[in-house]
Amino acid sequence: MTGASGVGKDTIRRAAAPFLSDIAYSISATTRARRPGEEQGVQYFFVSKPEFEEMIRSDALLEYADYVGDHYGTPKAPVAEALESGQDVLLELELVGARQVKRRMPEAVMLFIAPPSLWELERRLRGRGTDSEDKIQKRLARAKEEIRAMREFDYLIVNDDLDRAVQEFESIIRAERARAGLVTDAELESYLRS
Ligand code: 5GP
């Protein structure tokens, strides 16, 4: 799931949480400062730059990228464990990281969450009151770059109405899980013996 900071990815995910109870959410590592209300190990694993660099060196990250002056990355082990146990995993990533994941895991379903308008995105970023003017401008510039690349994604959700965005999100997951190509050989065999 990709979309500008402030576009409402977290809000959609939280609203869809009851439906998503059987999906593992990957908690990223980041070097960015904690915002008020954020807790260690809940929204992110907040780490220092040397700690993050050590994660890169020891190949502990599935992907990583820089975003407006900080590092963000997906710890590899929890994703691998969840996938091995048959769970789907939800990643929230900016564009560079999303592309890395798609290269490594072509079966990944790519979802882009877009704001109703850039003006509205700017209003939400400002309303949050957590970033300096310089960071807001940089985040908006990144948002434009990501919007330019939205056609690389499998699905687009425009978050102009939260209820509708959540419904679309759930429908996409339902449809993806119903793909006939996901039936395993063992399931097919057992079906043929039923
Ligand atoms: P924020 O600082 O607003 O929490 O996140 C900034 C951007 O980093 C958002 O676009 C968010 O989706 C992205 N991001 C969060 N975690 C990761 C991650 O593990 N890897 C990558 N590549 N981007 C991430």
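Higher on the page you've got the structure.
Being a predicted model, the structure only gives us computed values, none of them experimental.

I'd like to hear about the overall build of the chain, residue by residue, with values.
A tally of regular secondary structure across the chain gives eight helices and eight strands. Its C-alpha radius of gyration of 18 Å places the chain within 12% of the 16 Å reference for a compact globule of 194 residues. Judged by the C-alpha coordinates and their principal axes, the chain covers about 65 × 40 × 30 Å. When contacts within the chain are restricted to residue pairs at least 6 apart in sequence, long-range pairs at least 24 apart make up 63% of them. Carbon and sulfur atoms provide 53% of the accessible area of the chain, an area that totals close to 11,200 Å². Measuring between centres, the 29 positive side-chain charges of the chain sit 5 Å from its 35 negative side-chain charges.

Which residues make up helix H7 (residues 162-177), and what are the values?
For H7, which comprises 16 residues, the first-to-last C-alpha distance of 23 Å matches the rise-based estimate of 22 Å (1.5 Å per residue) to within 8%. When we look at burial in H7, the residues that qualify are Ala165, Val166, Phe169, Glu170, Ile172, Ile173 and Glu176. Each buried residue of H7 lies within a common arc of 155 degrees when the element is viewed along its axis, so the set occupies one face. More than 90 degrees from the buried face of H7, the exposed residues found are Asp163, Gln167 and Arg174.

Kindly report on the site of the ligand, identifying the contributing residues and their values.
Near the ligand lie 18 residues; those nearest to it are Ser28, Arg32, Tyr44, Tyr72 and Glu94. A distance of 3.0 Å separates an oxygen atom of the ligand from a polar side-chain atom of arginine 35. For the ligand, whose free accessible area comes to 510 Å², the fraction covered by protein is 96%. Mapped onto the shell around the ligand, the elements with two or more residues apiece are strand E4 (61-67) and strand E5 (70-75). Considering only residue class, the shell around the ligand consists of five nonpolar, six polar and seven charged.

Explain the sheet that holds strand E2 (residues 28-30) to me, and be specific about the residues and the numbers.
Ordered by their spatial adjacency, four strands build an open sheet running E3-E2-E5-E4, and the pairing between neighbours is mixed. Only two strands of the sheet have a single partner each, and these edge strands are strand E3 (44-46) and E4. Between one strand axis and the next, the sheet turns by 25 degrees as a mean value, whatever way the strands run. Along the sheet, helix H3 (residues 76-84) makes contact with E4 and E5, crossing E5 at roughly 30 degrees. Contacts between helix H6 (residues 133-148) and the sheet are confined to E4 and E5, with E4 contributing the most and set at about 125 degrees to the helix.

Any details on the nonpolar core? Residues and values, ideally.
One finds Ile12, Leu20, Ile113, Leu121, Ile157 and Phe169 to be the most contacted residues of the largest nonpolar core, which totals 21 residues. Taken together, the elements giving at least two residues each to this core come down to strand E7 (111-114), helix H5 (118-128), H6 and H7. Ranked by the residues each element gives to this core, the list is headed by H7, at five residues. Setting aside its immediate chain neighbours within four residues, isoleucine 12 contacts Met1, Ile113, Asn159, Leu162, Ala165, Val166 and Phe169. Judged by nonpolar contacts, the second largest core, of 13 residues, contains Leu62, Val79, Val101 and Ala149.

Definitions and limits used
Residues numbered from 1 in each chain as written. Predicted model: local features only at pLDDT ≥ 70, side-chain atom pairs only at ≥ 80, totals over all residues. Heavy atoms only, no water. Helix = DSSP H or I, 4+ residues; strand = E, 2+ residues; numbered from the N terminus. Rg over C-alpha atoms; globule rule 2.2 N^0.38 Å. Contact = heavy atoms within 4.5 Å. Areas by Shrake-Rupley, 256 points an atom, 1.4 Å probe, with all protein chains shown as cover. Lys, Arg positive; Asp, Glu negative; His and termini not counted. Charge placed at Lys NZ, Arg CZ, Asp CG, Glu CD. Expected span 1.5 Å × (residues − 1). Buried < 20%, exposed > 50% of the residue type's maximum accessible area, 1.4 Å probe, protein only. Arc of directions from axis to C-beta. Near = heavy atom within 4 Å. Polar contact = N/O pair within 3.5 Å; in protein donor to acceptor, adjacent residues only side chain to side chain. Nonpolar A, V, L, I, M, F, W, Y, C, P; charged D, E, K, R; others polar. Pairing = 2+ DSSP bridges. Axes fitted to C-alpha atoms, helices over the stretch in contact; angles between N-to-C directions. Core = buried A, V, L, I, M, F, W, Y, C linked by side-chain atoms within 4.5 Å.

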